[in-house]
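Examination of the molecular architecture
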Amino acid sequence: MALIVQKYGGTSVGSVERIKNVARRVIKWADAGHQVVVVVSAMSGETNRLIALAREIQPEPDPRELDVVAATGEQVTIGLLAMALKALGRDARSYTGAQVGVHTDSAHTKARIESIDEQRIRDDLAQGRVVVVAGFQGIDAQGNITTLGRGGSDTSGVALAAALGADECQIYTDVDGVYTTDPRVVAEASKLATITFEEMLEMASLGSKVLQIRSVEFAGKYRVRLRVLSSLTPWDVPLEQEMRSGTLITFEEDQQMERAVVSGIAFARDEAKITVVGVPDRPGIAYQILSAVGGANIEVDMIVQNQSVAGYTDFSFTVGRGDYARALDILKTGVQSHIGAKDIIGDPKACKVSIVGVGMRSHAGVASTMFRTLSEEGINIQMISTSEIKVSVLIDEKYLELAVRALHKAFDLDAAA
Ligand code: ADP
Ligand code: ASP
Ligand code: MG
């Protein structure tokens, strides 16, 4: 008998029929003797609808109240799934994050899980119940409802699996595993049977939305066995087949010699570039620019500072597109005259494409293949950043899909290759 945490995303619970199918699948696992804790997202589109409602009232919604609104999507699905389970004869209980003691910090709309009181869940499991928990939400020390950031139900699932010491955390979604790149963009993308934890962490942080980055961080920290698999297969596929399906996130760099140099291609569409033009090249400038932006809780990603000419240089960096206008405003009003910059310019239509692979460590020339491929397609690279296992470039968003397809082919990732 194993203890399994299963997380079902928005599409997987997107209709009453799909919720019934999730119930049948869960019962299949429970009937085989496993203890099952289920974490669910809101029905697909629901969180967007709730956030849009809030914005109709307040264009920049109050974060505490936004969390109160946004967290309701998951409350609907836990109740519906528990009913579906009971209707099929399986005892079940639904719980919100607060009810089950998912304690977070107070950073509304992007709270971090600090601890989980798992006793109540264990008691229910011991009584043969399926426990259904609302993803994406928790409660802070003052009793306020918090949410964990978009895609946060993945993190709820992995955190619960860690707290319970589950044998596996299964992330059921609308694709049947982790692919070499988003299969919705490149039809030739192929499914990976395994991906190393390190690669998955890079893929998630560089924009692959299949897993929220914090869920991968949690899995790494607590060594949670994590699998991504499809909820859209018939619910009655044999259990032995289902338990080996999808993609397993591994901690070993197994069969490294046979692995491709590049395992996957990630991309992020919603980037924006800001350039501080003509700043004096002296100590403290980068600090003054970036601390002003960081102080407003805006995350900075890629950073480039040019060689100075006659004592002046240009300083460029990227931020999420949602923060672009605010970052530009902060620099123009609060920083430009202070540091003596000539101008602040920006481009809100950038995107980032990255190649990822642990195989890069032992292979030279990977970056140059990337740059050659982009140049053959006439794509201009605006910024570059590298780590041991990834190379990222910033390009104009209109070339995104072309770049991803060309790189997928150049690194022999096309399924037919
Ligand atoms: P859920 O609602 O189940 O959480 P998400 O939409 O958050 O599902 O994540 C699944 C989606 O992630 C897929 O539909 C796919 O378009 C996208 N995706 C992006 N990159 C990848 C990748 N490398 N492999 C698989 N799916 C990916
Ligand atoms: N419902 C939330 C969202 O849409 C959380 C999730 O689905 O993981 O972001
Ligand atoms: Mg998701």
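Note that the structure is a prediction, hence the values are computed from the model and not measured. (Residues numbered from 1 in each chain as written. Chains lettered and ligands numbered in written order. Predicted model: local features only at pLDDT ≥ 70, side-chain atom pairs only at ≥ 80, totals over all residues. Heavy atoms only, no water.)

**Describing the site of ligand 2**
Around ligand 2, the structure places Ser41, Ala42, Thr47, Glu74, Phe136, Arg150, Gly151, Gly152 and Ser153. A distance of 3.0 Å separates an oxygen atom of ligand 2 from a polar side-chain atom of Ser41. Here an oxygen atom of ligand 2 and a side-chain polar atom of Arg150 are 2.8 Å apart. Starting from 260 Å² of accessible surface for ligand 2 in isolation, the protein chains cover 86%. Of the residues that constitute the shell around ligand 2, the class distribution is 2 nonpolar, 5 polar and 2 charged. (Near = heavy atom within 4 Å. Polar contact = N/O pair within 3.5 Å; in protein donor to acceptor, adjacent residues only side chain to side chain. Areas by Shrake-Rupley, 256 points an atom, 1.4 Å probe, with all protein chains shown as cover. Nonpolar A, V, L, I, M, F, W, Y, C, P; charged D, E, K, R; others polar.)

**Points about the pattern of salt bridges**
In this structure the tally under the stated criterion is 23 salt bridges. Linking Arg25 and Glu242 is a salt bridge whose minimum nitrogen-to-oxygen distance equals 2.6 Å. With Arg25 in helix H1 (residues 16-31) and Glu242 in helix H9 (residues 239-242), this pair connects stretches of sequence that are 217 residues apart. Here Arg25 and Glu242 have matching classes, each one buried. Here Arg122 makes a salt bridge to Glu118, at a shortest N to O gap of 3.3 Å. (Salt bridge = Lys/Arg side-chain N within 4 Å of Asp/Glu carboxyl O. Helix = DSSP H or I, 4+ residues; strand = E, 2+ residues; numbered from the N terminus. Buried < 20%, exposed > 50% of the residue type's maximum accessible area, 1.4 Å probe, protein only.)

**Here we look at the nonpolar core**
Across soluble globular proteins, nonpolar side chains have a tendency to be buried as a group. Residues Val37 and Ile121 are the most contacted members of the largest nonpolar core, which totals 41 residues. For this core, the element with the most residues is helix H6 (residues 153-164), which contributes 5 residues. Counting residues in hydrophobic clusters, the runner-up holds 26 residues, among them Ala2, Trp29, Val38 and Ile78. (Core = buried A, V, L, I, M, F, W, Y, C linked by side-chain atoms within 4.5 Å.)

**Quick notes on the environment of Leu206**
If you trace the backbone, Leu206 turns up in the loop between helix H7 (197-205) and helix H8 (213-222). Overall, the relative accessible area of 4% leaves Leu206 in the buried class. For the pair Leu206 and Thr147, spaced 59 residues apart in sequence, the C-alpha to C-alpha distance is 22 Å. The contacts of Leu206, once residues within four sequence positions are left out, are Ala266, Phe267, Ala268, Lys352, Ser354, Val356, Lys390 and Ser392. (Contact = heavy atoms within 4.5 Å.)

**Here we look at the side chain of Thr146**
Residue position: Thr146 is located in strand S8 (residues 145-147). A polar contact of 2.7 Å, which involves the side chain of Thr146, links it to the side chain of Thr104. Not counting residues within four places of it along the chain, the set of residues in contact with Thr146 comprises Asp67, Thr104, Asp105, His108, Ala111, Phe136, Gln137, Gly138, Ile139 and Asp140.

**Notes on the sheet that holds strand S13 (residues 264-280)**
Read across the open sheet, the 6 strands follow the order S14-S15-S13-S16-S18-S17; overall the sheet is antiparallel. Two strands in the sheet have a free side with no partner beyond their single neighbour: strand S14 (300-305) and strand S17 (383-387). When strand polarity is set aside, the average angle formed by the axes of neighbouring strands in this sheet is 30°. With 5 bridges connecting them, S17 and strand S18 (residues 390-396) associate as antiparallel partners. Its bridge partner being in S18, Met383 is matched across the sheet by Leu394. Of the strands in this sheet, strand S16 (343-356), S17 and S18 touch helix H12 (residues 366-376), which is tilted by about 20° from S18. Taken strand by strand, helix H13 (residues 400-410) contacts S13, S16 and S18, and its axis lies near 120° from that of S13. (Pairing = 2+ DSSP bridges. Axes fitted to C-alpha atoms, helices over the stretch in contact; angles between N-to-C directions.)

These results come straight from atomic positions and should not be treated as a statement about function.
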